[in-house]
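Fold and geometry: a report
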Amino acid sequence: MSPARLPGHHVPGISASYGPAPERSAVRVHVRAANDGLRRSWHQRLTRAGIPLAEDSQPGPGVVLLAAGRTVDEAVDSCSPPDDLDRRGFLVAAQLVSPDSVLRAVRVGARTILRTADAHPEQLVAAVHSAHHGDSRVPYGVLVRLLGTAQRPVAPAPGIPRAQQAVAPLTPRQTVVLTLVAEGHGNAVIARALSCSEHTVKNVIYELMARLQVRNRAHAVARAVRAGLI
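If you're wondering where the values come from, they're calculated on a predicted model, not measured in any experiment. (Residues numbered from 1 in each chain as written. Predicted model: local features only at pLDDT ≥ 70, side-chain atom pairs only at ≥ 80, totals over all residues. Heavy atoms only, no water.)

The next thing to look at is the pairing of strand β4 (residues 90-96). The element β4 is extensively covered by neighbouring structure, given that 5 of its 7 residues are classed as buried. Relative to β4, strand β3 (residues 63-71) runs parallel, the two sharing 6 bridges. What sits directly across from L65, in β4, is F90. In this structure, β4 lies alongside strand β5 (residues 112-115), joined through 4 bridges in parallel fashion. Across the sheet, residue A93 finds its bridge partner in β5, namely L114. For the crossover that starts at β4, traverses helix α3 (residues 99-107) and ends in the parallel β5, the hand is right-handed. (Buried < 20%, exposed > 50% of the residue type's maximum accessible area, 1.4 Å probe, protein only. Helix = DSSP H or I, 4+ residues; strand = E, 2+ residues; numbered from the N terminus. Pairing = 2+ DSSP bridges. Right-handed = clockwise from strand over helix to strand, strands pointing away.)

Structure below.
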């Protein structure tokens, strides 16, 4: 399976590569990290890449929030996206990236995940712009593992009422597909994003509807949201 990249303009979808670096722009990055040393390190990386930094006093639609940690969970725990930042502009950077942690990051609003080892200047610029435009991108190896662990269920998010947790948990692959369905994408776009056939996407959606006991895609999304599955 080759790395996926959606063609043309910025269309939200999961991709496994960051592609060529876009031109520099006025997009700024505010860093929150697990500790001061890590935050300074990311400040240096961003500066070397020519990406302007944003201070706490400068939030706005042109700002990407970069949450950094040793693990994705640590990065997510270091902050919650402020209300005055566009939730599209949420980038998570970590040394260790696992399928389960990626799903958690997606649930709290992150759409772009970057491994520290991949944060070379061009890739860092591309990841920042992906986050700014709302693209969903994860490291290729993690995407392969995420789509390949179809038999391992994902538990509902904590805090959901017991009555709503009666819905059978989704597999990682079903969670990814249903998340893209919830974002309004059709089968063709989802297939391109996940580097698979439309037939495969249709099969996953069929499995989803049977598992959730729903009539159509909209009903599946509504039930999954109520149950805290996406």
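Turning next to the confidence of the model for the protein. Taken residue by residue, the protein gives an average pLDDT of 75. The fraction at 70 or more is 70%. For the protein, strand β1 (residues 14-15) is the element with the lowest average pLDDT, namely 46, and helix α1 (residues 36-48) is the one with the highest, namely 94. Confidence drops under a pLDDT of 50 for residues 1-24, and excluding neighbours within four residues, the segment shows 80 contacts in the predicted structure. Throughout residues 149-165 the model reports pLDDT below 50, and contacts reaching past four residues in sequence, or to other chains, amount to 32 contacts. (pLDDT = per-residue confidence, 0-100. Contact = heavy atoms within 4.5 Å.)

Quick look at the packing of aromatic side chains now. For the coordinates displayed, the defined rule picks out 0 aromatic pairs. We note R45 situated over the ring of W42; from NZ or CZ to the ring centre the distance is 5.0 Å. (Phe/Tyr/Trp six-rings, centres within 6.5 Å; stacked < 30°, edge-to-face > 60°. Lys NZ or Arg CZ within 6 Å of the ring centre and 35° of its normal.)

This next bit is on the environment of S197. Mapped onto the elements, S197 comes out in the loop between α7 (187-193) and α8 (198-212). Here the alpha-carbon distance between S197 and N187, two residues 10 residues apart in the chain, equals 8.9 Å. In this structure the side chain of S197 is engaged in a polar contact, spanning 3.0 Å, whose partner is the side chain of T200. (Polar contact = N/O pair within 3.5 Å; in protein donor to acceptor, adjacent residues only side chain to side chain.)

The next thing to look at is the side chain of T175. Mapped onto the elements, T175 comes out in helix α6 (residues 172-182). We classify T175 as buried; its relative accessible area is 4%. Look past the residues within four positions of T175 in its chain and what remains in contact with it is L103, R107, L170, L229 and I230.

Two side chains of opposite charge can pair, provided their charged atoms sit close to one another. All chains considered together, the criterion is met by 2 salt bridges. A salt bridge links D36 to R39; its shortest N-O distance comes to 2.3 Å. Remark: R39 and D36 occur in helix α1; sequence separation between them is 3 residues, near one turn of the helix. Take D36: its relative accessible area is 44%, and that puts it in the partly exposed class. By relative accessible area, R39 is classed as partly exposed at 27%. Notably, a salt bridge pairs R115 with D118, separated by 2.9 Å at the nearest N-O pair. Note on R115: relative accessible area 34%, which makes it partly exposed. On the basis of relative accessibility, which here comes to 16%, the residue D118 falls in the buried class. (Salt bridge = Lys/Arg side-chain N within 4 Å of Asp/Glu carboxyl O.)

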